[in-house]
Amino acid sequence: MVGLRKLPGMPGWSAALGLRLPQKFLFLLFLSGLLTLCFGALFLLPDSSRFKRLFLPRRATAAASSSSSSSASSASSSSSTRDTDLPRSPPAAAEPRHASPAAPRRLREKLRAAARMAGPPARTAPGSRQQGQGGERRAEPATGAPPARERRAPFRFDYERFRRSLRHPVRGGRPGEDPETRARRVKIKEMMKFAWDNYKQYALGKNELRPLTKNGHIGNMFGGLRGATVVDALDTLYIMELEEEFQEAKKWVEKSFDLNVNGEASLFEVNIRYIGGLLAAYYLTGEEVFKSKALELGEKLLPAFNTPTGIPRGVINLGSGMSWSWGWASAGSSILAEFGTLHLEFLHLSELSGNPVFAEKVMNIRKVLNRVEKPQGLYPNFLSPVTGNWVQHHVSIGGLGDSFYEYLIKSWLMSDKKDSEAKKMYDDALEAIEKHLVKKSAGGLTYIAEWRGGILDHKMGHLACFSGGMIALGAEHAGEGRKQHYVDLAAEITNTCHESYARSDTKLGPEAFRFDAGTEAMATRLSERYYILRPEVVESYMYMWRLTHDPKYRQWGWEVVKALEKHCRVEAGFSGIRDVYTTTPTHDNMQQSFFLAETLKYLYLLFCEDDVLSLDDWVFNTEAHPLPVNHTNFKASVQ
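Worth saying up front: this structure is predicted, and the values here are computed from it rather than measured.

(A) Representation of the overall build of the protein. Helix and strand counts for the protein come out as 22 helices and 20 strands. Per-residue burial over the protein gives 53% buried out of 639 residues. Here the contacts in the protein between residues at least 6 apart in sequence split such that 68% fall between residues at least 24 apart. For the protein, the accessible surface area stands at approximately 29000 Å², while carbon and sulfur atoms represent 54% of it.

Next up, the structure:
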């Protein structure tokens, strides 16, 4: 080492400091160590590409800077994103959670280098799970070989094989039908076209049409999703062979249906209308856009199941994934008809995606319900998602309970009669309902009352009128000793619902009707006198026709068509009415999306041959969207 340069007029540095030889050696050793430490600090301190440019080759500098910025952005996004059960892909070159900024520099560099060598992670298929317990991401092995999940062939649903498995043409053959039946079906098709054309003209992209004011309605049930009428109408347009209108609806889904929304949605309504409608449209047509939208939307619903019991809450923010119970639900409870009406759609989401998580969620609901004690064998309407216990002992086959029972028998049918657990739950529930809730009025009308902690409320809601069709559907598969009994019970309940229509001035039924104080099958309260284009009565007519071929059901259905034309058809669509007991009703200015999905579809099918959407091949979800029976294992096809 050379000596330091003398400055003019100054003594040498060793003389000035008065150091002896041993002291000089120690001083030089200290100075050498200090310089080494300063130079090394450039690499030991947090990343600084400004200094590294001086000492590292250009390629190494770029790699280090890229690694640094990638790590920083990963940390930022991770801190701002709420952990959910939704599948996520880890950010490129992500550091394991234990590699914090305070870790030794050498260890951090090794970890980054290993991540860079492994390359960017493979893009995962929709629905693939990348989280461990507690919501933590599972790190793939940091090796050059792709993990086993990447090497496995991607899941593919074999649509062509599915279509070949159907026992009947989707739209049927229609051989030798009589002219009157055909004319009535054509009339219902015209009603559908009229409803769609006005929606398209005045409200396309909104959720529903306001036909009096000729504008659209969005509402707050769907969390910012739009086009409820479009998605609800897809399969009806297809079945009715309204080809041009179907293409208009499909184009809107392709170009304008945005799932990146941030709002509060009803888990139940989004599932039965949007997911059900998209699944049905895919199975009917094979168009991939419907499948991909259904799967993407299904994943957005999964965080609602993040509860101590796995019973989902009723409201979910589709953007953040946060969920909560309805404010009006007792003690933060979940509603039987909501969490019990997911099974059909979620099984199909698993079948189409190859991801079992959807099926696991709804099968867990079964486990909770089988574990909890049922009062008198009945299922109350309110269940705590925290404790898994009933909150109130209010039982209804109408609102709050209805479609739970419907999905039990339909789950069994959809499994090609293999889901014996669903069949047993249905049989046991129906036995308890018949024992405790089914009553006969003084005038001989059979109805299903509501149960409030052991006290009967002798009313029946319009929503409960689906039960005639449900019981008839189950009767076909009851034991020989019970089959005719249930057919008769279904016919009696359907007759009572028909009476609620026949006894009104408009020949349309009220929202609820009572059997007390000498009144039978009529609304006694002003708040129950309205009709909002509901489908449940004509739904039962359709099932009763298909299972008995008694011509009275077609006649009753035609009476509904004439009443709709007379009292609900307005200049720009169809509207509900506020009072069914006056011949000059006031309209509510709302063309409900389920009018196109359910009411008109069931009326149309009532006047079709049985092979149109045959019950051998299809079950209808509670929004009348047809989902296929699993005749074979075509849904497990992997290529």
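(B) Seen up close, the sheet that holds strand S8 (residues 390–392). One open sheet accounts for 3 strands, arranged S6-S7-S8; its pairing is antiparallel. Two strands lie at the open edges of the sheet, namely strand S6 (334–335) and S8, each paired on one side alone. Strand direction decides the pairing type here: S6 and strand S7 (residues 382–383), joined by 2 bridges, are antiparallel. Bridging across to S7, Ser334 finds its partner in Leu383.

(C) Representation of the sheet that holds strand S15 (residues 512–516) in the model. Ordered by their spatial adjacency, 3 strands build an open sheet running S14-S15-S16, and the pairing between neighbours is antiparallel. Each edge of the open sheet is held by one strand with a lone partner, namely strand S14 (459–461) and strand S16 (519–522). Strand-to-strand, the axes of this sheet are offset by a mean angle of 15°, without reference to chain direction. Pairing geometry for S14 and S15, over 3 bridges, is antiparallel. Residue pairing in the sheet places Met460 in a bridge with Phe513 of S15. Packing against the sheet, helix H19 (residues 480–502) makes contact with S14, S15 and S16, and its axis sits at approximately 105° to S15.

(D) Looking closely at the side chain of Ser325. Relative to the elements of secondary structure, Ser325 occurs in the loop between strand S5 (323–324) and S6. Of note is the side chain of Ser325, whose polar atom sits 3.5 Å from the backbone oxygen of Ser333. Apart from the residues within four sequence positions on either side, Ser325 is in contact with Arg313, Gly314, Val315, Gly332, Ser333, Ser334 and Pro385.

(E) How the structure looks around the environment of Ser384. On the secondary structure map, Ser384 appears in the loop between S7 and S8. Accessibility expressed as a relative area gives 10% for Ser384, which makes it buried. Here the alpha-carbon distance between Ser384 and Thr307, two residues 77 residues apart in the chain, equals 9.9 Å. At 3.1 Å, the side chain of Ser384 and the backbone nitrogen of Thr387 are in polar contact.

(F) The arrangement of the pattern of salt bridges in detail. The full count for this structure, using the stated rule, is 33 salt bridges. For Lys187, the salt bridge goes to Glu565, with nearest N and O atoms at 2.8 Å. With a gap of 378 residues between them, Lys187 in helix H8 (residues 179–203) and Glu565 in helix H21 (residues 552–568) connect regions that are remote in the sequence. A relative accessible area of 25% places Lys187 in the partly exposed class. In this structure, Glu565 and Arg569 form a salt bridge, with 2.9 Å as the shortest nitrogen-oxygen distance. Via salt bridges that share partners, Glu450, Arg452, Asp457, Arg514 and Glu528 belong to a single interconnected network.

(G) Geometry of the nonpolar core. If you look at the biggest cluster of nonpolar residues, it comprises 161 residues, and the most contacted ones within it are Leu225, Tyr405, Leu508 and Leu564. Looking at which element gives the most residues to this core, the answer is helix H11 (residues 267–285), with 12 residues.

(H) Quick look at the state of the cysteines. What the rule picks out here adds up to 1 disulfide. Here Cys465 engages in a disulfide with Cys497; their sulfurs sit 2.1 Å apart. Classification of the bridge connecting Cys465 and Cys497 rests on its S-S torsion, roughly -95°, and on that basis the disulfide is left-handed. Taken together, the residues Cys465 in the loop between S14 and helix H18 (467–475) and Cys497 in helix H19 connect sequence positions 32 residues apart. In this pair, the class of Cys465 matches that of Cys497, namely buried.

(I) The pairing of S16, seen in detail. Relative to S16, S15 runs antiparallel, the two being bridged by 3 bridges. Bridging from a neighbouring strand, Arg514 pairs with Met522 of S16. Between S15 and S16, which pair antiparallel one after the other, the connecting turn spans 2 residues, and Ala517 there sits at a positive phi close to 55°.

(J) Fine view of H21. With 17 residues, H21 ought to run about 24 Å at 1.5 Å a step, and its terminal C-alpha atoms sit 23 Å apart, in line with that. Residues Tyr553, Arg554, Trp556, Gly557, Trp558, Val560, Val561, Ala563, Leu564, His567 and Cys568 constitute the buried set of H21. Buried residues along H21 sit in contact with H8, H19, helix H20 (536–548), strand S17 (569–570), strand S18 (573–574) and helix H22 (593–606).

(K) Expanded view of the packing of H8 against H22. Two numbers describe how H8 lies on H22: the axes approach to 9 Å, and their chain directions differ by 165°. Accordingly, the angle class assigned to the pair H8 and H22 is roughly antiparallel. The handedness of the crossing between H8 and H22 is left-handed. Note on element contacts: H22 touches H8 through Leu596, Leu600, Leu603 and Tyr604, opposite Arg185, Ile188, Lys189, Met191, Met192, Ala195 and Trp196. Considering only residue class, the contact of H8 with H22 consists of 9 nonpolar, no polar and 2 charged.

(L) Here's a closer look at the environment of Gly219. Mapped onto the elements, Gly219 comes out in the loop between strand S2 (215–217) and helix H9 (228–239). Residue classification places Gly219 among the partly exposed residues on the basis of a relative accessible area of 45%. Separated by 13 residues in sequence, Gly219 and Lys206 place their C-alpha atoms 9.1 Å apart.

(M) Structural context of the side chain of Thr181. Within the secondary structure, Thr181 is located in helix H8. Taking the relative accessible area as the measure of exposure, Thr181 reaches 6% and is therefore buried. At 2.6 Å, the side chain of Thr181 forms a polar contact with the side chain of Asp178. Not counting residues up to four positions away in its chain, the partners in contact with Thr181 are Arg554 and Phe607.

(N) Looking closely at H11. Between the first and last C-alpha of H11 there are 26 Å, a value that for 19 residues agrees with the 27 Å anticipated at 1.5 Å per step. The sharpest bend along H11 measures roughly 30° and falls at Gly276. In terms of residue burial, H11 counts as a mostly covered element, since 18 of its 19 residues are buried.

Cut-offs applied
- Residues numbered from 1 in each chain as written.
- Predicted model: local features only at pLDDT ≥ 70, side-chain atom pairs only at ≥ 80, totals over all residues.
- Heavy atoms only, no water.
- Helix = DSSP H or I, 4+ residues; strand = E, 2+ residues; numbered from the N terminus.
- Buried < 20%, exposed > 50% of the residue type's maximum accessible area, 1.4 Å probe, protein only.
- Contact = heavy atoms within 4.5 Å.
- Areas by Shrake-Rupley, 256 points an atom, 1.4 Å probe, with all protein chains shown as cover.
- Pairing = 2+ DSSP bridges.
- Axes fitted to C-alpha atoms, helices over the stretch in contact; angles between N-to-C directions.
- Polar contact = N/O pair within 3.5 Å; in protein donor to acceptor, adjacent residues only side chain to side chain.
- Salt bridge = Lys/Arg side-chain N within 4 Å of Asp/Glu carboxyl O.
- Core = buried A, V, L, I, M, F, W, Y, C linked by side-chain atoms within 4.5 Å.
- Disulfide = S-S within 2.5 Å.
- Expected span 1.5 Å × (residues − 1).
- Parallel < 35°, antiparallel > 145°, perpendicular 65-115°, else oblique.
- Left-handed = near helix turned anticlockwise from the far one by under 90°.
- Nonpolar A, V, L, I, M, F, W, Y, C, P; charged D, E, K, R; others polar.
- Bend = angle between axes of the 7 residues up to and from the residue.

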